[in-house]
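Residues per chain are reported as follows:
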Amino acid sequence: VLAVGGSEDLVGALTLASLAAARSGADLVIIFAPEKVAWAINKYSPDLITKKAKGKILTLKHYKIIKELIKKNDTLLIGNGIGINTKTKKLCKKIISSTNKLKVIDADAIKAISIKDCENSIITPHSKEFEIFLKNSKIKSDLIKKIINQKNIELKTKLIKKTLKQFFDNNNILLLKGKTDIIISKNKIAINKTGNAGLTRGGTGDILAGLCAGFLSQNKDLFQSAANAAYFNGLIGDILLKKKKGISYLASDMVGEIKRLKFS
């Protein structure tokens, strides 16, 4: 897994996602991040390989290096902690739209792209990120409101599939996070009900994205990787809910719990 992300304010997001990818079975997780971020991650974990990018943020000047790293890895994970600087968003858009490599697009990278930019991807938005993605895709505001506010899962799924036909035709998977996770491909739909309110806490979405990337690097199946990641991410939350006797658990607790699971 190649994980591209990180910024000086959001070191933890990329660390959590990368550790989740490693814990879920990826042989190597290679991080490309701003140099201070990369050094901080090295200090936190000796299990992660980091490539240090000059500067405080990632921009288009780093594209050539990233392009070569993408060629050498099975799966790209992009967006965790990367930030929303205009220059960084341009980089995200260029990377995502210019490679057909299997990839997981999360967090701020979702805010930089539209339907037409994605191919062979799992995108993992919560409701607000999904709304931004739809706006970037020039979906009419009244239709966006209708999709976001629809509570009936069956009707919501039908509306999403109809609205995002081009997205699903390009071999993309939507993992829409919520109280009930919805996983949608062109021909399949899965509903995941594991999890609890603790999974709204910062960092837990990074764990989910890391699990997606770790599974995808091994099985090359976009839909199954997304469905498995949603299930196990929620299951870990449910296990910790019992252990901690409430939702006091943190995303970093989830990393430690992954090693106790049997992925089969």
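The coordinates are above.
First, a word on scope: everything that follows refers to the structure included in this document. No experiment lies behind these values; they were computed from the predicted model shown.

Criteria and cut-off values
- Residues numbered from 1 in each chain as written.
- Predicted model: local features only at pLDDT ≥ 70, side-chain atom pairs only at ≥ 80, totals over all residues.
- Heavy atoms only, no water.
- Helix = DSSP H or I, 4+ residues; strand = E, 2+ residues; numbered from the N terminus.
- Rg over C-alpha atoms; globule rule 2.2 N^0.38 Å.
- Buried < 20%, exposed > 50% of the residue type's maximum accessible area, 1.4 Å probe, protein only.
- Contact = heavy atoms within 4.5 Å.
- Salt bridge = Lys/Arg side-chain N within 4 Å of Asp/Glu carboxyl O.
- Patch = residues over 30% accessible without salt bridge, like charges linked within 9 Å, V, L, I, M, F, W, Y side chains within 5 Å.
- Areas by Shrake-Rupley, 256 points an atom, 1.4 Å probe, with all protein chains shown as cover.
- Lys, Arg positive; Asp, Glu negative; His and termini not counted.
- Charge placed at Lys NZ, Arg CZ, Asp CG, Glu CD.
- Pairing = 2+ DSSP bridges.
- Arc of directions from axis to C-beta.

## Overview of the overall build of the protein chain
- Scanning the protein chain from N- to C-terminus turns up eleven helices and nine strands.
- Scaling as 2.2 N^0.38, a compact globule of 264 residues should have a C-alpha radius of gyration of about 18 Å, and the protein chain matches this with 17 Å.
- Along the three orthogonal principal directions, the C-alpha set of the protein chain runs to about 45 × 45 × 30 Å.
- The proportion of buried residues among the 264 residues of the protein chain is 54%.
- Taking contacts inside the protein chain between residues at least 6 apart in sequence as the whole, the part at least 24 apart equals 62%.

## A few points about the pattern of salt bridges
- Under the criterion given, the structure shown has eleven salt bridges.
- Here Lys128 ties to Glu131 by a salt bridge, and the two come within 4.0 Å at their closest N and O atoms. Of the two residues, Lys128 and Glu131 are both situated in helix H5 (residues 127–136); the distance of three residues between them amounts to about one turn of the helix.
- Among the residues examined, Lys128 registers a relative accessible area of 47% and is labelled partly exposed.
- Put simply, Glu154 and Lys158 hold a salt bridge, and the shortest N to O gap is 3.6 Å. Of the two residues, Glu154 and Lys158 both sit in helix H7 (residues 153–163), four residues apart, roughly one turn of that helix.

## Observations regarding a positive patch on the surface
- A contiguous patch of positive charge, built from Lys54, Lys61, Lys87 and Lys90, is present on the exposed surface.
- Relative to the assigned elements, Lys90 resides in helix H4 (residues 86–98).

## Remarks on the pairing of strand S9 (residues 189–192)
- The alternating pattern of S9 places Ala190 and Asn192 on a buried face, while none of Ile189 and Ile191, on the opposite face, is buried.
- In terms of strand pairing, strand S8 (residues 181–184) meets S9 through four bridges, oriented antiparallel. Within S9, the position partnered with Ile183 by the bridge is Ala190.
- Between S8 and S9, which pair antiparallel and follow one another directly, the connecting turn spans four residues.

## Re unusual backbone geometry
- Non-glycine residue Ala107 carries a positive phi angle of around 55°.
- Positionally, Ala107 belongs in the loop between strand S5 (103–105) and strand S6 (121–123).
- Not every positive phi belongs to a glycine, and Lys245 is a case in point at roughly 55°.
- Among the secondary structure elements, Lys245 is positioned in the loop between helix H10 (222–243) and helix H11 (251–258).

## Observations concerning helix H3 (residues 63–71)
- Within H3 the residues assigned to the buried category are Tyr63, Ile66, Leu69 and Ile70. One side of H3 carries all its buried residues, which in axial view fall inside an arc of 125°. Facing away from the buried side of H3 by more than 90 degrees, the exposed set consists of Lys64 and Lys71.
- Packed against the buried residues of H3 are strand S1 (2–4), strand S2 (30–34), strand S3 (49–53), strand S4 (76–78) and H4.

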